[in-house]
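Observations on chain architecture
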Amino acid sequence: MNSMYELRHYDGFGHIGHPTSNYRMSEDTVRILRHGYYASVSYVDALFGELVSHLKELGIYENTIIIVWGDHGWKLGDHNSWGKMTNYNIDLKVPMMIRYPEQQQRGAHTFAITELVDMFPSLCELAGIEVPTYMQGTSFVPLLNNPELPWKTAAFSQFHRRPRVSADGKRYMGYSINTDEFHYIEWYGWDHKTGIRGEYTTAELYDRQNDPFETVNIAENEAYNEVVEDLSKQLAAGWKKAIPES
């Protein structure tokens, strides 16, 4: 998990215990934090509305590509934790909305897997700019035109667990792969000076359909041995093997 050190640095929250401890916030504190979080979301929503209105006043709204995405969000008590910076999907998944000139499928919603690294090549394509060959992302413009199009088979993420975060004071790197059905994570020791990963430590596996809040790690459940083996191979193969065929 994490030590919630981000929250601890806020005035009045230095006493908060580690998520793995038996510490529980008071109901009043929980209400204050959630109220503040939801208020910030409402405020940003209002500012975004003002921005769109101003684009219309300037007469450039219909000639502007708009893409809205979010920073990975706070856990508002989930997993007995507050803040972010873990490999749980509640931290990894973010919203993304796009509007652009002459958009055909305006207002459509897709459940296809996309990643934040896909935004740059997508914006290049929408703007008529050549996409650099070194980009790791995949333009999702075809998906915007056809939301039901078969797309990426997986999304990848990586999280560095530092000593002040780890319960044992050691340093780890977590490699994560998300498919439609499962979320799989492998943890390795990490040398931050050389940037080289060490020995394999452990794994996590969550059933996204039956356990969407990721409360039960089934990585060591023998019934999922083949799933773990397959996802481990996909994780090692990397992002290039997950992109759609052109």
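Residues numbered from 1 in each chain as written. Predicted model: local features only at pLDDT ≥ 70, side-chain atom pairs only at ≥ 80, totals over all residues. Heavy atoms only, no water.

**Notes on helix H4 (residues 119-127)**
Definition in use: For every residue, the accessible area (1.4 Å probe, protein chains only) is compared with the maximum for its type, and the residue is labelled buried under 20%, exposed over 50%, or partly exposed between those bounds. Here a strand is any run of E in DSSP of at least two residues, a helix any run of H or I of at least four, and the numbering for each starts at the N terminus.
Within H4 the residues assigned to the buried category are Met 119, Pro 121, Ser 122 and Cys 124. Note on H4: the residue one or two positions beyond its end, Gly 128, has a positive phi of about 75°.

**Topic: the side chain of Asp 207**
Going by this rule: Counted as positive: Lys and Arg. Counted as negative: Asp and Glu. His and the chain ends are not counted at all. Any Lys or Arg side-chain nitrogen found within 4 Å of a carboxyl oxygen on Asp or Glu counts as a salt bridge. Whenever a nitrogen or oxygen atom comes within 3.5 Å of another N or O atom, the pair is scored as a polar contact, on the condition that within protein one atom can donate a hydrogen and the other can accept it, and that pairs from neighbouring residues in sequence are kept only if both atoms are in side chains. The contact criterion used throughout is that any non-hydrogen atoms of two residues lie within 4.5 Å.
Topologically, Asp 207 is positioned in strand S8 (residues 196-207). It is Arg 208 that comes nearest to the buried, bridge-free Asp 207 among opposite-charge side chains, at 8.1 Å. Here the side chain of Asp 207 touches Asn 210 through a polar contact of 2.9 Å, side chain to side chain. In contact with Asp 207, not counting residues within four places along its chain, are Glu 181, Phe 182, Pro 212, Ile 218 and Tyr 224.

**With respect to the packing of aromatic side chains**
Selection rule: Any two of the Phe, Tyr and Trp rings considered here, Trp counted by its six-membered ring, make a pair once their centres fall within 6.5 Å; the pair's planes then place it as stacked at under 30 degrees, edge-to-face at over 60, or tilted in between. Only when the NZ atom of a Lys or the CZ atom of an Arg is both within 6 Å of the ring centre and within 35 degrees of the ring normal do we say a charge sits over the ring.
All told, the structure shown has six aromatic pairs when counted by the stated rule. When the centroid spacing of 6.2 Å and the interplanar angle of 75° are considered together, the rings of Tyr 37 and Tyr 38 count as edge-to-face. For Tyr 37, a relative accessible area of 27% corresponds to the partly exposed category. Plain terms: the ring middles of Phe 182 and Tyr 224 are 6.1 Å apart, the flat faces sit at 75° to each other, and that makes the pair edge-to-face. Residue Phe 182 is found in strand S7 (residues 182-191), and its partner Tyr 224 is found in the loop between S8 and helix H6 (225-237); the two are separated by 42 residues along the sequence. Accessibility expressed as a relative area gives 22% for Tyr 224, which makes it partly exposed. Ring-pair connections join several aromatic residues into one group, and the members of that group are Tyr 175, Tyr 188 and Tyr 200. Its guanidinium or amino end placed over the ring of Tyr 175, Arg 197 lies 5.2 Å from that ring's centre, counting from NZ or CZ.

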